[in-house]
Amino acid sequence: MELTERKLKILQAIINDYVRTAEPVGSRTLSKQLDMAVSPATIRNEMSDLEEMGYLTHPHTSAGRVPSDKAYRLYVNNMMGDYEISPEAKDFINRTLKADIDEFDKTMKRAAELLSEITNLASFVVTPKNSEDRVKFVNLLPVDERTVVLMIVAESGKVSNTTLRLRVPYTAEALNILAKNITYNYRGKTISEAMTEDIIDDFRSDLAAMNRLTESIMPNFMRTLSDMLNVHLYLDGLSNIFDIPEYTDLSRARNFISLFDKREEFARNLMDRGDGMTVTIGEENEDENLNDCSLITATYHVDGQLVGKIGVIGPTRMRYGEITSIVQYLTDNLNHTFQLEGAEGGEDDDDDG
């Protein structure tokens, strides 16, 4: 059986109507919408053919039809066309997403929030494991008499902050000296290299007066380095699913949210997806828990090197053209800004903060 031009027009109309209403589409509805001189009976026959070909399904509780995963795949590959993002939306993205290579994690978290806000879907950003990233500098920032913030900044711009509760009091001068010594010992080392070293004994001899302070901070420094090796997943907008008709069933909503219980596994699976824009629909997803979801991801780069994923997850009934365009525009914004930041940064200076 052949996908004629008329069948394609009917299929596209069904997809558009179902994405908009979440209601099965009947022949009478289509006959009013289509700019074709065909009767509801003829449309019903064409819909039956499309169902036989696997492009439509027939819910038991309705006389109408709904698109299948196969129909959405055809739509994404051949039918959705280009979606033009409004100047207002572009301006909102540009103003809100002020990418800053020196606050990489904060920027990517904001990107997830922004994507969720614009699409009204659950969004995510994955920052990758990067064992070859190098330590740029370390800082220790006082909070109160027993609390400090340990900041490790990598050459890629990735920043990791850890709040530490110390067993001994400290002075600002002692923190400054210790931070400079840690920076001196670790600057330029890859995170993998830094993880294999233990300079607590060196600090004990060089900074005997700060022995106990060093013992409090250095194990946390090592743990923070270890965290920087991990894949990080930022999620936003999970509550949006409760506004989607497919998830008014609380058990189905819970199943959706449970996808993110194993965050590390989910993040690793995202990183294994292909480069560029990737759309997987329903049963195309390897994880059976995603068999009634669509997953859209794009790849972003920092200075052409650091690679991660950004995207959305939601029901297969998705505004594919609009959402892929938004994801692509936001990704291009990040790539362009981070490339400029890297180019303008030039050589590292001697001011380690």
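Within each chain, residue numbers correspond to sequence positions counted from 1 in written order. Reporting of local features is limited, given that this is a predicted model, to residues whose pLDDT is at least 70; pairs of side-chain atoms are given and counted only at 80 or more, and all residues count toward the totals for whole chains, interfaces and linings. The basis for every side-chain value is the complete set of heavy atoms in the structure, and neither hydrogens nor water enter the calculation.

Participant: Sorry if this is basic, but what is going on with the overall build of the protein here?
Facilitator: Numbering of helices and strands runs from the N terminus, with a helix taken as a DSSP run of H or I at least four residues long and a strand as a DSSP run of E at least two residues long. Along the protein, the regular secondary structure elements total 13 helices and ten strands. Taking all 353 residues of the protein together, 48% fall into the buried category. The contact rule is simple, with two residues in contact once any of their heavy atoms fall within 4.5 Å. Summarising the internal contacts of the protein: among those between residues at least 6 apart in sequence, 63% fall at separations of at least 24. Put simply, the protein shows about 18000 Å² of open surface, and 44% of that area lies on carbon and sulfur atoms. Burial classification: accessible surface area is computed with a 1.4 Å probe over protein chains only, and a residue below 20% of its type maximum counts as buried, one above 50% as exposed, and the rest as partly exposed. Surface accessibility follows the Shrake-Rupley procedure with a 1.4 Å probe radius. Residue values consider only the protein chains on display as shielding.

Participant: Looking at this structure, how should I read the environment of Leu 330?
Facilitator: Looking at the secondary structure, you find Leu 330 in helix α13 (residues 320–345). Leu 330 sits in the buried class, given a relative accessible area of 0%. For the pair Leu 330 and Ala 111, spaced 219 residues apart in sequence, the C-alpha to C-alpha distance is 7.8 Å. Other than its neighbours up to four places away in sequence, Leu 330 contacts Leu 97, Ala 111, Leu 114, Leu 115 and Ile 310.

Participant: Where do I start with the sheet that holds strand β4 (residues 135–144) in this structure?
Facilitator: In any sheet, the strands associate via hydrogen bonds between backbone groups, in a parallel or an antiparallel arrangement. One open sheet holds the three strands; their spatial order is β4-β5-β6, and the pairing between them is antiparallel. Two strands bound the open sheet, and with one partner strand each, they are β4 and β6 (159–165). Adjacent strand axes in the sheet meet at a mean angle of 20 degrees, parallel and antiparallel pairs treated alike. The criterion for strand pairing is that DSSP finds at least two bridges linking the strands in question. Pairing between strand β5 (residues 147–154) and β6: seven bridges, direction antiparallel. Interaxial angle, 0 to 180 degrees, is taken between N-to-C directions of lines fitted to C-alpha atoms, where a helix line uses only the stretch in contact.

Participant: What should I look at first to understand the side chain of Thr 278 in this one?
Facilitator: Its location among the elements puts Thr 278 in strand β8 (residues 278–281). In this structure Thr 278 comes out as buried when scored by relative accessible area, which is 17%. Setting aside anything within four residues of it in sequence, one finds Thr 278 in contact with Arg 273, Leu 295, Ile 296 and Thr 297.

Participant: Even after reading the chapter, I still don't get the pattern of salt bridges, so can you show me in this structure?
Facilitator: Note on pairing: side chains with opposite charge can pair once their charged atoms come close. A pair is scored as a salt bridge if a Lys or Arg side-chain nitrogen falls within 4 Å of a carboxyl oxygen belonging to Asp or Glu. A full pass over the atoms with the stated rule returns 15 salt bridges. In this structure, the salt-bridge partner of Glu 113 is Arg 110, at a minimum N-O distance of 3.2 Å. Of the two residues, Glu 113 and Arg 110 are both situated in helix α6 (residues 104–119); the distance of three residues between them amounts to about one turn of the helix. Glu 113 sits in the partly exposed class, given a relative accessible area of 27%. Residue Arg 110 is classed as partly exposed on the basis of its relative accessible area, which comes to 25%. Three or more residues are tied together by salt bridges with common partners; here these are Arg 6, Lys 7, Glu 46 and Asp 49.

Participant: Hey, could you run me through the packing of helix α1 (residues 5–21) against helix α4 (residues 69–79) in this one?
Facilitator: Geometry of a packed helix pair, given as the angle between the helix axes and the separation of the axes. It is at 11 Å that the axes of α1 and α4 come closest, and there the two elements cross at 105 degrees. By the angle between their directions, the pair α1 and α4 is classed as roughly perpendicular. Listed contacts from α4 to Leu 8, Leu 11, Gln 12, Ile 15, Asn 16, Tyr 18 and Val 19 of α1 are Ala 71, Tyr 72, Leu 74, Tyr 75 and Met 79. All residues other than Ala, Val, Leu, Ile, Met, Phe, Trp, Tyr, Cys, Pro, Asp, Glu, Lys and Arg, Gly among them, are scored as polar; the first ten of these are nonpolar and the last four charged. Of the residues contributing to the contact of α1 with α4, the split by class is ten nonpolar, two polar and no charged. Should an angle fall under 35 degrees it is taken as roughly parallel, and over 145 as roughly antiparallel, whereas 65 to 115 is taken as roughly perpendicular and any remaining angle as oblique.

Participant: Would you explain the nonpolar core in this entry?
Facilitator: As a rule of thumb, nonpolar side chains are buried together in soluble globular proteins. The term nonpolar core refers to a set of buried residues drawn from Ala, Val, Leu, Ile, Met, Phe, Trp, Tyr and Cys, joined through side-chain atoms within 4.5 Å. One finds Ile 10, Leu 30, Phe 256, Ile 310, Ile 313 and Tyr 320 to be the most contacted residues of the largest nonpolar core, which totals 72 residues. Those residues within four positions of Phe 256 in sequence are excluded, and the remaining contacts are Ala 122, Leu 238, Ile 241, Tyr 247, Cys 293 and Ile 313. One finds Leu 140, Leu 175, Ala 179 and Tyr 186 within the second-largest nonpolar core, a separate group that totals 16 residues.

Participant: Looking at this model, I keep getting lost on the environment of Ala 22. Mind explaining?
Facilitator: When you line up the elements, Ala 22 lands in the loop between α1 and α2 (27–33). Along the chain, Ala 22 and Ile 244 lie 222 residues apart, while their C-alpha atoms are 9.0 Å from each other. Residues within four places of Ala 22 in sequence aside, it is in contact with Asp 17, Pro 245 and Arg 317.

Participant: Would you take a moment to explain the pairing of β5 for this structure?
Facilitator: Successive residues of a regular strand alternate their side chains across the two faces of the sheet. Counting buried positions along β5 yields eight of eight residues, so the element is predominantly enclosed. Burial along β5 is two-sided: Thr 147, Val 149, Met 151 and Val 153 and Val 148, Leu 150, Ile 152 and Ala 154, pointing in opposite directions, are all buried. Here eight bridges tie β4 to β5, and the two strands are oriented antiparallel to one another. Bridging across to β5, Val 138 finds its partner in Ile 152.

Participant: Please clarify how the packing of aromatic side chains should be interpreted in this entry.
Facilitator: Each aromatic ring pair is summarised here by two numbers: the centre-to-centre distance and the angle between the ring planes. A pair of aromatic rings is counted whenever rings of Phe, Tyr or Trp (Trp by its six-membered ring) have centres within 6.5 Å, and the orientation is called stacked for planes under 30 degrees apart, edge-to-face for over 60 and tilted otherwise. Per the counting criterion, the structure on display carries five aromatic pairs. Considering the side-chain rings of Tyr 247 and Phe 256, the 5.1 Å spacing of their centres and the 55 degrees angle between planes classify their relative orientation as tilted. Neither Tyr 247 nor Phe 256 differs from the other in exposure class; each is buried. Look at Phe 256 and Phe 260: their rings are 5.7 Å apart centre to centre, the planes differ by 75 degrees, and that puts the pair in the edge-to-face class. This pair shows no difference in class: Phe 256 is buried, exactly as Phe 260 is.

Participant: In this structure, what is going on with the packing of helix α5 (residues 87–96) against α6? I would like to understand it.
Facilitator: Remark: α5 packs on α6, axes separated minimally by 11 Å, with the N-to-C direction vectors making an angle of 160 degrees. Classed by the angle they form, the pair α5 and α6 counts as roughly antiparallel. Crossing handedness for the pair α5 and α6: right-handed. Here Phe 92, Ile 93 and Thr 96 of α5 come into contact with α6, specifically with Arg 110, Leu 114, Glu 117 and Ile 118. Each residue belonging to the contact of α5 with α6 can be placed in one class, and the counts come to four nonpolar, one polar and two charged. In this scheme, a crossing is called left-handed if the near helix is turned counterclockwise away from the far one by less than a right angle; it is called right-handed if the turn is clockwise.

This is a description of form; function is not addressed.
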